[in-house]
Every structure is written in C-alpha cells, then in structure tokens.
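Structural features, examined
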Amino acid sequence: MAKLFVDQDKYADGEGSPIIAAFNSALKDLVRKKLDESGGNWNDFVFGKAYSLITAEEVAKIERKVLDSGYRYTCSAMISIMERPDAYKPLPGTESGAAKFSFEHPEAQTAPADASGREQRGQGDNVVKVPANVIGIARYYRSADQVMQSLTQGVPPDTIAIIDDSGGTLTAPILEQFKGVICAGGTVRSHLGILTREYGIPCLMGAKISGIFEGDTVELEVSGQSKTTEAYQKGVEMTVRVWKHAAKK
Amino acid sequence: MTKLTYAQLLETNNIIQVLGEETYFLCVTRTVQESKLFPVSSYMLLSYLNAFYRYPTLLRKIEKHMPAEMIADRVRNMCSKIQSIGMGWCMIGFYLLGREMLINMGMIRPQDAAEDVAYVMNFWKRYQLAWHRNDGHITNKEAGHRSQILPERRIQVFHADMYACKDGDALHTAADKFLATVSQYAFLVACESRISMSNHGPYNLGDGREMLVRDFFDLAEGDLPWLDGVASEVPFNRLTVTTAVKDTHFYLVDDWGSFDSRPEYKGENMCGVGLYTSDELSETHTPVGMGSREELTETFDRYADIFKDATTKLWKRIAGYSRNQMLDAGALTYYAIIKDLAHVAGCYEVDDWMKFDERAERFRGLLNDEYGNELLGALVVPLTLPSHQCNEYTMMQHSNAPKRVHSPISYSILAGEDYVPSVGDGIRPGVTYLPPKADRYRTTQGVMTLAEFNQRCKNFTPQLCTEKFRHLDETWVKFHYKTPLADEMYKIEQQTSRKLAGKGAGLSRADVAALADKF
C-alpha cells in the first residue's frame, strides 16, 4: 500500500484520543488505498483525483465502522442525541421534570446543616458580588424542550436555574426571568457569565454541587467575593458556597 | 519550479508561527465554549475546512475588484465584521486550522497549497497593516494587546457627542439594558460564538476615563439566512456603542476583540455613552437617536425591546432546526466571518459565502459531538496531534512544550522538493441544509436587493477614502492641522456631530472635553 508523506514523522507520538485515532487513522488508510487506485502520483491526486475518490460515502463508512464496533459518542448538543440516540451515550436527567436527577460533582464541598437549617451542597465561582445572598427554588434547564415550556408557560417565580451549559443561547429567551443561576461549567468569563452580569442576575459559574434536586430551596452566597481573572490565570480557588435549605414541614 | 521566493516563504512562515503562538495564548486564557443547543466544536471544524478550500479563490476574486489594503482603509471608518476578531485572528486562524486538520488526516502535506498559503497570509498582512495604520502594528497582540484604530478626527466626534450618564439614571439604565439585550441577541445570531460583536480601544479621554468602542454586526436581515423574517423589525444591521468608563484601565484588548481591565469592569463605572450606525454605503459613523439625552434613552429602551422580541423569534426558529441546519448556521457564521471583504469590494455572492464546498462537505459525516470536541481541543490546546510535535529541545512560547500550533512550509521546496501550489482555481459546487436566502439586505441606505447593494458599493467611495484624503494620516495632520485641507477633512467627519460640526482640525482633547457633556 502507498506510504503517505506523514507516515515518516520523527517527532510524532500518536494520534491523540481514541476517537481521533480511530477516525484519522481510518482516513489515512482511505487515502493510501485511493492513492494506489489512482496510480500513485501524489501531485495528481491531492487536489485532483482525490476530490472524486475521497467521497462523503467513503467517509461515512469510516463512521459506520466505529459505531459497529460498539463505540458510542459523548454528546454536547441535545439535538445530536435526539436525532441519533443509537450513536450517543445516554445523558441522564435531560427529560422534562426529572425529579430524581441531581448534578453529583465529586469535588462538591458538603457540610451538615447549620443552626438555621442550611446544608452546604457545593461551591462555585461568583460572577458579581452583590449586597445579599439570593434564595430561590432549584430548577434544572438542560434541553430546548424545557426552555420552550417555560417560554410558553412562563418561568415559575423565584427560579434558581441549574444549567450545565455555559453558553448564552440555550436559555436566551428566558434568562432574564431567572432569580439566580448555578452553572455547572465554564468560568465567570463564559457567555452565560457575561450575560448574567449584564442582566444583573446573581450567578455562580463552574459550580460543583451535589444532592440538589428539582424544587429544593437553595441559597447562593453571592454576597461573597467574585472570582478575578488573575485567580483563574494563577489557578487560585476563589469560590462561594451553595446551600440547600431544610424542607419546611 | 516554485514561484515562491525565499523571502516570501520566510514571511509566510513567520505569520504562521506568530499566529499559532497567539492562538495558544487566546485559547488558554479564554474559556472553552460548549453548548447544549448548538454542536459548536463540530461546526467550527466544518468552517475551517470550508475556509481552507475556498478562501484563496474568494480572496483573489475580491482583489480583482479592490486590493486588501484599500478595503482596510475603508473599513477603518465604519463598523464592520472585518476588524479585530474577523481579520485579526479568525481569517488566517480558520484557514490554517483547516490546513492542519487535513495534514493530520493524511489528506495533504504541509507544502501542498503552498502558493495559496503564501497568498492568504500576504493578503492578511497587507489588510492588517492598513487597518492598524494609526497604531503602526499588524495585530493587537503586537501592539501590546491594544487596538487603537481610529484617527483623532473620529475619536473627537465620539468624545464630544457622548451623553454623560451615571449608575441609576435613566440613560445609564437604558444603556445597560440595551447592551445586555443586544449582546444576548448577538450570541444567538452567531450561534453561541462571540463573532457578532467586537471591541476596540482603549482611547484616553483624560481625567481617568477611557473610551471603549463596542461594535455589533449582522443584526438585521442581511447575509445570514436564519435572520430572514425574524429580524425584519431590527432597524440597523450594524451598531456602534461608544462607552466612556471611569476609574477602569482596559489593559488588554485582544485579537478576538475581547477586553480585560483593572479593576474589573463594572457597568456602574460607565459614565458616557453614544450610539451610531455605519456600513459600506455611509460616509462615516451616523448618530442614532443622539438628538437629545431623552431621545437616546428612549432609543436604547425601544431597541432593547426589538432585540428581545427578535431573540425569542430567532430562538424558536433555531430550536426547530435539525442538527445539520444548526451545523450549517454555525459553520457559515464562522467561515463567512470575512464576507464583508466582498461587500466592500461590491462582489458578494450568496453561493460564495453561504454554502459548503463539496470538498469540505464530504467530511460532515465525521463531525459528531465527541470528535468535534476532541479534535478542536487537540488542534489548539494541548496540541496532541502528530503535526504539532517538534524536536525535544523546543520550548514553545507560553508552554515550554516541544510543540507548535501550525506546520510551517518547508524551505526544501526552493531546492526542488515537489509540492502542489494550490487547491485549484475556482470554487466547487456548494450545499446547505438551510432555506434559500431571501433577497433582502438592510443597509444604512434602506432595504435593497443584493444586486443593488453590490452595485451601490461599487459606485460609492466615501469622501474620506478618496485619493484626496486617503493618505492624509495622523502624521500629516500633526504638521498640517492649520491648513484648509485639514479643516476640510475634519469637517467631513464632523458633519453629523452635535457638538463639533464645522469646528475643523484645530481642537485639542481639552477643547473637545470643554465642549462635551461633563462626565
């Protein structure tokens, strides 16, 4: 089989992660095969014959082979798993009204309830320091369907949105209605951090929480210090707390 | 035999290396942005491939109408996407990342398309030098992460015409709300990316105040098919918000158009604000709602409502898109970030900028979320692909690792090693899953068809860009400010100014401050 220019590389040390290795190695095999079929002249091939020989159908076969091996992708965008549930690993807690779901971060700092019944259930990076903590009702927003439902029916009062998307688009049409936000990803400079700051909505980014369920009363320590750029650059922890209030009997 | 000279290759490789180092810096110091709505990483990769296959042809087409440096001279005097983020980093960043992807797939060698690469880098260099003419640099990075683009005459108008505001007053509240709403809309228009907005500055207004100019683009019905209908009420396609900020030093304005300040930026420190629009068909920045403080307050409030409504409509549209449509919208937003080059030159065509070349499209089947995230990460940080690895003695800028972001072109091609100069003349047929683009383009001169827009762009030369004034730069003004010609030039810039109309070239910053609102 033809050898590729990149087959001889003094410093290369592997293809990278498993999915990159699988796809890129298969692509190289495809190029070798098609180069052979075309007569082996690279200069005629690379921006000429390759256009008709390396086709979308050939590329699709590579993807099919990976899935046939049993591999399933990790999804980011909900549309991906909705359209191809067979190709992606299941993502728990995304169905509407998933009452038994909670984010469970292994580094969430927890503590028993204090005298006022506040149980620490995690921490996060405060976007903006405000005069007082914010207290509200935890509600998870993880899919466009949930956002659409709130767009139609309105966001319930006192909602503290719990989101694992640090972007500014998933919750764009309802963001202004949140009383507060806990975001399980990103930094205070992520799009969601920027937008909550501009709207004046208390927000914790990069939050690590545990045991907070839909409908719980939560308190964010947004009267604490906001995390600075320098702290991120130096890798300094600068978090504030998240509490769950004891349920009223 | 190669057409490239040793000097050309040296310059090309220098641009490639410097861009790679800044790419690493920007990616390390900024956040990785995932989204539950858009397949962000995947669409970025598709855009890079499209850029690699199409940019050389389209840039050559543009330069048949207008050279890069002349386009930059025009753009310096208007709000356009082809500024810090679009040109400063994205244009060659996207192109070179597409090239690096293909090298690591075994599809091309580093020396393949060498003449394309050299041309694209050279186009970028000429554009950047002209765009940065007033600060004398090629990038914000080279300028110490500053972006001081504007000439004095335009800064003076922005300075003089701002309305003073303070935290809690009606104008400040309205401006805050507007900035939040338009920023949110811009993120959605740009499919979860920051590329519908950019900033330049800072400009020193004195007395501990700095001006940051905040630009927003592609807001109305225009190039982006997903805005057809939903943005019909948006009155301008591009808006510039001038902001004076007290007790805050913007120590970094990078080539992504984002900023950092000490102390941390707080909206409450905004003490002056103005609003403008401009495009290829306007002489310079045109005030919007700037007749009075009350009018500006009402304008900000009204526009915030318009953008809020447009956000909801656009979100509903996008939430109903298929993954391929989301992929298209995001990838086209990225790939077409330099499309305004074609608008300035009057040669914009929908099929050039709003479709995927079949050479890029064939890889769509690989672009699932995981491969997208993993490959995008590998391409920029931590640089784990085979092409990134260098000899063990290498200490890369910012990381000290034996790596580099982009592959240089080997000088061996000057000694006869074979290479293929170009991906080929012309673009190949394109595809998109999005609905056809409506033939409606909102400009500062009203809504028109694309043919009319192109024709008007070809026919219109702003006075300040005519040969009479084009080369009368800041150095010339320094020594000629008392001449009638300098006065004439300044008065053109001042003609729509509420404070400086007719004042001419002789004003100092203190003179302007005396005429302006008291902040």
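Our subject is the structure that appears above.
Residues numbered from 1 in each chain as written. Chains lettered and ligands numbered in written order. Predicted model: local features only at pLDDT ≥ 70, side-chain atom pairs only at ≥ 80, totals over all residues.

1. Regarding the overall build of chain A
- Scanning chain A for helices and strands turns up 7 helices and 8 strands.
- Relative to the globule expectation of 18 Å for 249 residues, the C-alpha radius of gyration of chain A, 24 Å, shows a markedly less compact shape.
- Principal-axis analysis of the C-alpha atoms places the extent of chain A at approximately 80 × 40 × 35 Å.
- Taking all 249 residues of chain A together, the buried fraction comes to 43%.
- Pairs at least 24 residues apart make up 59% of the contacts formed inside chain A by residues separated by at least 6 positions. (Helix = DSSP H or I, 4+ residues; strand = E, 2+ residues; numbered from the N terminus. Rg over C-alpha atoms; globule rule 2.2 N^0.38 Å. Buried ≥ 20, exposed ≤ 12 C-beta atoms within 10 Å, placed from the backbone. Contact = placed C-beta atoms within 7 Å.)

2. Here we look at the overall build of chain B
- Looking only at helices and strands, chain B has 17 helices and 12 strands in total.
- Taking 2.2 N^0.38 as the reference for a compact globule, 519 residues should give roughly 24 Å; the C-alpha atoms of chain B span a radius of gyration of 23 Å, in line with that estimate.
- The buried share of chain B, reckoned over its 519 residues, is 57%.
- For chain B, contacts bridging at least 24 residues in sequence account for 76% of all contacts bridging at least 6.

3. A closer look at the nonpolar core
- Counting residues in each nonpolar core, the largest one holds 221 residues, and the members touching the most others are Ile 182 and Cys 183 of chain A together with Val 120 of chain B.
- Considering every element that reaches this core, the biggest residue donor is helix α2 (residues 40-65) of chain B, with 14 residues.
- There are two domains that each give this core at least three residues, and those are domain 1 (5-71) and domain 2 (110-245) of chain A.
- In contact with Ile 182 of chain A, not counting residues within four places along its chain, are Gly 124, Ile 160, Ile 162, Leu 204, Ala 207, Ile 209, Leu 220 and Val 242 of chain A. (Core = buried A, V, L, I, M, F, W, Y, C linked by C-beta atoms within 7 Å. Domains from an automatic or database assignment.)

4. Comments concerning the interface of chain B and chain A
- If you look at the interface, chain B gives 60 residues, while chain A gives 64 residues.
- Elements with a minimum of two residues in the side of chain B that touches chain A: α4 (84-104), α7 (170-189), α8 (293-319), α9 (323-335), α12 (358-361) and α13 (369-380) of chain B.
- In terms of residue count, α13 of chain B provides more of the side of chain B that touches chain A than any other element does, 7 residues in total.
- Here the side of chain B that touches chain A is composed, by residue class, of 24 nonpolar, 19 polar and 17 charged. (Nonpolar A, V, L, I, M, F, W, Y, C, P; charged D, E, K, R; others polar.)

5. A word on the pairing of strand β5 (residues 249-253) of chain B
Residues and elements named next belong to chain B.
- Strand direction decides the pairing type here: β5 and strand β6 (residues 259-262), joined by 4 bridges, are antiparallel. Opposite Phe 250, over in β6, you have Ser 261 as the bridge partner.
- In sequence, β5 turns back onto β6 through a hairpin of 5 residues, with Gly 257 there showing a positive phi of about 75°. (Pairing = 2+ DSSP bridges.)

6. A word on the packing of α2 of chain B against α9 of chain B
Residues and elements named next belong to chain B.
- As a packed pair, α2 and α9 sit with axes 8 Å apart at the nearest point and diverge in direction by 50°. With respect to their mutual orientation, α2 and α9 come out oblique. When you trace α2 past α9, the crossing you get is right-handed. When α2 is examined against α9, the residues Val 40, Ser 42, Tyr 43, Met 44, Leu 46, Ser 47, Asn 50 and Ala 51 are found in contact with a partner set consisting of Leu 327, Gly 330, Ala 331, Tyr 334 and Tyr 335.
- Among the residues making up the contact of α2 with α9, the classes are represented as 9 nonpolar, 4 polar and no charged. (Axes fitted to C-alpha atoms, helices over the stretch in contact; angles between N-to-C directions. Parallel < 35°, antiparallel > 145°, perpendicular 65-115°, else oblique. Left-handed = near helix turned anticlockwise from the far one by under 90°.)

7. Re unusual backbone geometry
Residues and elements named next belong to chain B.
- The peptide bond linking Gly 201 to Pro 202 adopts the cis configuration, its omega dihedral lying at -5°.
- Located in the positive-phi region is Asp 247, a residue other than glycine, with phi close to 55°.
- Here Asp 247 is to be found in the loop between β4 (239-246) and β5.

8. Considerations on α7 of chain B
Residue and element names in this part refer to chain B.
- Relative to the 28 Å expected for 20 residues at 1.5 Å per residue, α7 spans 28 Å between its end C-alpha atoms, a close match to the ideal helical length.
- Counting buried positions over the 20 residues of α7 gives 18, a clear majority of the element.
- Immediately beyond the C-terminal end of α7, within one or two residues, lies Cys 191, with a positive phi of roughly 55°. (Expected span 1.5 Å × (residues − 1).)

9. Remarks on the environment of Val 134 of chain A
Residue and element names in this part refer to chain A.
- With respect to the element layout, Val 134 can be found in strand β3 (residues 134-140).
- Of the residues examined, Val 134 has 20 C-beta atoms within 10 Å and is grouped as buried.
- Along the chain, Val 134 and Ile 194 lie 60 residues apart, while their C-alpha atoms are 19 Å from each other.
- The contacts of Val 134, once residues within four sequence positions are left out, are Lys 179, Gly 180, Pro 202, Leu 220 and Val 222.

10. Some points on the packing of helix α1 (residues 6-29) of chain B against helix α5 (residues 114-131) of chain B
All names here are of chain B.
- The N-to-C vectors of α1 and α5 enclose an angle of 70°; their axes lie 9 Å apart at closest approach. On the basis of the axis angle, α1 is roughly perpendicular to α5. Contacts from Gln 8, Thr 12, Ile 15 and Ile 16 of α1 reach α5 at Val 117, Ala 118, Met 121 and Lys 125.
- Split by residue class, the contact of α1 with α5 holds 5 nonpolar, 2 polar and 1 charged.

11. Quick look at the environment of Glu 142 of chain B
Residue and element names in this part refer to chain B.
- Looking at the element boundaries, Glu 142 is found in the loop between α5 and α6 (152-161).
- Since 16 C-beta atoms lie within 10 Å of it, Glu 142 is described here as partly exposed.
- Taking the C-alpha atoms as reference, Glu 142 lies 25 Å from Tyr 335; in sequence the two are 193 residues apart.

12. A look at helix α5 (residues 144-153) of chain A
- Those residues of α5 of chain A that sit buried are Ala 144, Gln 146 and Val 147 of chain A. With its buried residues spanning 160° around the axis, α5 of chain A presents them on a single face. More than 90 degrees from the buried face of α5 of chain A, the exposed residues found are Thr 152 and Gln 153 of chain A.
- Packing partners of the buried residues in α5 of chain A comprise α4 (78-83) of chain A together with α8 of chain B. (Arc of directions from axis to C-beta.)

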